[in-house]
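Here is what each chain is made of, one letter per residue.
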Amino acid sequence: VKVNDEELAGYKYDSEAQEWDGVPTINNFGTFNAKNVATNNGGAIYVTSSARMYAVKTDFTGNSATSGGAVYSTNGNVDINASTAKNNTVSSVGGFVAIYTNSTALLNAIDGENCSASSGGLVYVKNSDLELYNSYIKNCNATTSGGATYVCADSTAKFYATTFEGNTAEANGGALALYNKGT
């Protein structure tokens, strides 16, 4: 796999894949704004099987998929800091990030704008945990519920110092929708 013309192999710390506590880890990506497309999940990145993804100062713009326009995680860990999420779209859930089944996501200092989905215009969380810090989320859209964020099915979401502005949902929760034991 190559990112920004760099091979992701070996165990170097910066900009390359590494193993962290015996788990494959990828750090410091850079830019994913070349209209990456996945037919199924994770337009730019798919995280699974206890893998860890850590991105700092990364531009996720114009990605698309069925779910998780830029990032999709199932049984994985996602940590994105000081990054941009703009114009990511999906036909199903999680315009920017979709977090499923025992995943954790820490999103800090996210500039999220114009992401869209059927549910969770920016983020969709199911049977997982989300923490969103110091972020500014605006003009995201859901054709059903959770214009910015949709949380359901035994999930936990915590929001700290985050601003939601101008997000819309055609049914419920312009900024946030909580369903089926989502807290």
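Residues numbered from 1 in each chain as written. Predicted model: local features only at pLDDT ≥ 70, side-chain atom pairs only at ≥ 80, totals over all residues. Heavy atoms only, no water.

Q: Is there a simple way to think about the overall build of the protein in this case?
A: Looking only at helices and strands, one finds zero helices and 24 strands in the protein. The burial tally for the protein puts 48% of its 183 residues in the buried class. Across the protein, contacts joining residues at least 24 apart in sequence account for 79% of those joining residues at least 6 apart. A total accessible area of about 8,000 Å² is found for the protein, and carbon and sulfur atoms account for 46% of it. (Helix = DSSP H or I, 4+ residues; strand = E, 2+ residues; numbered from the N terminus. Buried < 20%, exposed > 50% of the residue type's maximum accessible area, 1.4 Å probe, protein only. Contact = heavy atoms within 4.5 Å. Areas by Shrake-Rupley, 256 points an atom, 1.4 Å probe, with all protein chains shown as cover.)

Q: Would you take a moment to explain the nonpolar core for this structure?
A: Across soluble globular proteins, nonpolar side chains show a tendency to be buried alongside one another. M53, F60, V71, I80 and F96 are the most contacted members of the largest nonpolar core, which totals 29 residues. Looking at this core, the elements that each hand over two or more residues are strand 6 (45-48), strand 7 (52-56), strand 11 (77-86), strand 13 (97-100), strand 14 (104-113), strand 16 (123-126) and strand 17 (129-133). Of all hydrophobic cores here, the second largest spans nine residues; its members include Y100, Y150, C152 and A153. (Core = buried A, V, L, I, M, F, W, Y, C linked by side-chain atoms within 4.5 Å.)

Q: Is there a simple way to explain the packing of aromatic side chains in this structure?
A: Geometrically, a pair of aromatic rings is defined through the distance of the ring centres and the angle of the planes. Following the criterion strictly, the structure yields eight aromatic pairs and no others. Note on Y124 and Y150: the rings are 5.1 Å apart at their centroids and 10 degrees apart in plane angle, and the pair reads as stacked. Taken together, the residues span a long stretch of sequence, with Y124 in strand 16 and Y150 in strand 20 (residues 149-152) at a distance of 26 residues. The burial state of Y124 is the same as that of Y150; both residues are buried. (Phe/Tyr/Trp six-rings, centres within 6.5 Å; stacked < 30°, edge-to-face > 60°.)

Q: Honestly, the side chain of T58 in this entry has me stumped. Any pointers?
A: Structurally, T58 is set in the loop between strand 7 and strand 8 (59-61). Reaching out from T58, the side chain makes a polar contact with the backbone oxygen of V56 at a distance of 3.2 Å. (Polar contact = N/O pair within 3.5 Å; in protein donor to acceptor, adjacent residues only side chain to side chain.)

Q: What should I look at first to understand the sheet that holds strand 6 in this one?
A: The pairing of strands in a sheet happens through backbone hydrogen bonds and is either parallel or antiparallel. If you trace the six strands from one edge of the open sheet to the other, you get 6-10-13-16-20-24, paired in parallel fashion. Here the strands that pair on one side only, and so sit at the sheet edges, are strand 6 and strand 24 (176-179). Neighbouring strand axes in the sheet, compared pairwise and without regard to direction, differ in orientation by 5 degrees on average. Pairing analysis gives four bridges linking strand 13 to strand 16, with the strands arranged parallel. Across the sheet, Y100 pairs through a bridge with K126, a residue of strand 16. (Pairing = 2+ DSSP bridges. Axes fitted to C-alpha atoms, helices over the stretch in contact; angles between N-to-C directions.)

Q: Even after reading the chapter, I still don't get unusual backbone geometry, so can you show me in this structure?
A: Both trends apply: most residues other than glycine have a negative phi, and most peptide bonds are in trans. With a phi angle near 55 degrees, N127 is a residue other than glycine that sits in the positive phi range. Mapping N127 onto the fold places it in the loop between strand 16 and strand 17. For N127, a relative accessible area of 31% translates into the label partly exposed. Even without glycine at this site, N134 takes up a positive phi of about 45 degrees. Following the sequence through the fold, N134 ends up in the loop between strand 17 and strand 18 (136-138).

Q: Is there a simple way to think about the pattern of salt bridges in this case?
A: Where side chains of opposite charge bring their charged atoms close, a pairing between them can arise. What the rule picks out here adds up to three salt bridges. In this structure, E113 engages K86 in a salt bridge whose closest nitrogen and oxygen atoms are separated by 3.6 Å. Within this pair, whereas E113 is found in strand 14, its partner K86 is found in strand 11, the two being separated by 27 residues in sequence. Where E113 meets K138, a salt bridge forms, and the shortest distance between an N and an O atom there is 3.9 Å. Placement of the pair is E113 in strand 14 and K138 in strand 18, with a sequence separation of 25 residues. Taking relative accessible area as the criterion, E113 reaches 16% and is therefore assigned buried. (Salt bridge = Lys/Arg side-chain N within 4 Å of Asp/Glu carboxyl O.)

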